[in-house]
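Residue-level structural notes
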Amino acid sequence: MGKRFTLAITGASGSAFGVAALRRLAANEAVEEVTLLLSVTGKRCLLDETGLAVKDLAAFSPKIRHHDERDLGAAISSGSHRQDGMVLVPCSAGALGRIAAGISEGLVSRAADVCLKERRPLVLCLRETPLNRIHLENLLRVHDAGAIVMPLMPGFYARPDTFEALFDTFATRILDQLGLEEADSRRWKA
Ligand SMILES: Cc1cc2nc3c(=O)[nH]c(=O)nc-3n(C[C@H](O)[C@H](O)[C@H](O)COP(=O)(O)O)c2cc1C
């Protein structure tokens, strides 16, 4: 049986990282389905920074299913629905705060909450700088609840010569955290 993941783009800068991770996830042969979520501001940041709309992302692959952020009746709202993990990329400080506080008011925060309670991988790619004490406390809180805190801090040791290479390398690291290791010539070799 193929694996099922959820990818959420929330309202922070860096939506191109989310686009690259979505492409990688959908292209991975072990993956059967990717549920795509965007918060209201996530849609706006996506359009501002990449010129893409939700329908463009959904067109990447037939494996991608988009659900509206307000659709709390979606399957991923329930722990009984089989899922293999979730990533928020980028993850806004607001989304982090809602997850840290257990406020499941929309599908993004509910699906993340389900991942934590079901002990499934939840990767949070926070994009905010500088960080205040509330952000730092929330990061520790979600870490202690089982989330993987993976801020949008790409590595430069592979000398990426384009933004796309940078986004794609980071996308590979996200897949690593979701247990989907891929061949990548840009891994560090001593
Ligand atoms: C254009 C734009 C850029 C933003 N960039 C960031 C950001 O980089 N990081 C962040 O934490 N919030 C950022 N925000 C604020 C969040 O989008 C806002 O707090 C929102 O309520 C977060 O909720 P969401 O995660 O459901 O989208 C930005 C907002 C806008 C309109």
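Below: a short report on this structure. (Residues numbered from 1 in each chain as written. Predicted model: local features only at pLDDT ≥ 70, side-chain atom pairs only at ≥ 80, totals over all residues.)

Here we come to the overall build of the protein. For the protein, the helix and strand inventory stands at 7 helices and 6 strands. Against the globule reference of 16 Å for 190 residues, the protein gives a C-alpha radius of gyration of 15 Å, in line with a compact fold. Along the three orthogonal principal directions, the C-alpha set of the protein runs to about 40 × 40 × 35 Å. For the protein, contacts bridging at least 24 residues in sequence account for 79% of all contacts bridging at least 6. (Helix = DSSP H or I, 4+ residues; strand = E, 2+ residues; numbered from the N terminus. Rg over C-alpha atoms; globule rule 2.2 N^0.38 Å. Contact = placed C-beta atoms within 7 Å.)

Let's shift gears to the pairing of strand 1 (residues 3-9). Extensive coverage of strand 1 is indicated by the burial of 6 of its 7 residues. In this structure, strand 1 lies alongside strand 2 (residues 31-38), joined through 7 bridges in parallel fashion. The partner of Thr-6 across the bridge, within strand 2, is Thr-35. Regarding topology, helix 1 (residues 15-27) serves as the crossover connection from strand 1 to the parallel strand 2, and that connection is right-handed. In terms of strand pairing, strand 1 meets strand 4 (residues 86-91) through 3 bridges, oriented parallel. Residue pairing for strand 4: Ala-8 is matched across the bridge by Leu-88. (Buried ≥ 20, exposed ≤ 12 C-beta atoms within 10 Å, placed from the backbone. Pairing = 2+ DSSP bridges. Right-handed = clockwise from strand over helix to strand, strands pointing away.)

Okay, the site of the ligand next. Around the ligand lies a shell of 16 residues, among which Thr-10, Gly-11, Ala-12, Ser-39 and Gly-94 are the nearest. Put simply, the parts of the chain that give the shell around the ligand at least two residues each are helix 2 (40-50) and helix 4 (93-101). Sorting elements by how many residues they give to the shell around the ligand places helix 2 first, with 5 residues. Among the residues forming the shell around the ligand, the class breakdown is 4 nonpolar, 8 polar and 4 charged. (Near = placed C-beta within 6 Å. Nonpolar A, V, L, I, M, F, W, Y, C, P; charged D, E, K, R; others polar.)

Moving on to the sheet that holds strand 2. The 6 strands lie next to each other as 3-2-1-4-5-6, forming an open sheet whose pairing is parallel. A strand with exactly one partner marks an edge of an open sheet, and here the two such strands are strand 3 (64-67) and strand 6 (148-149).

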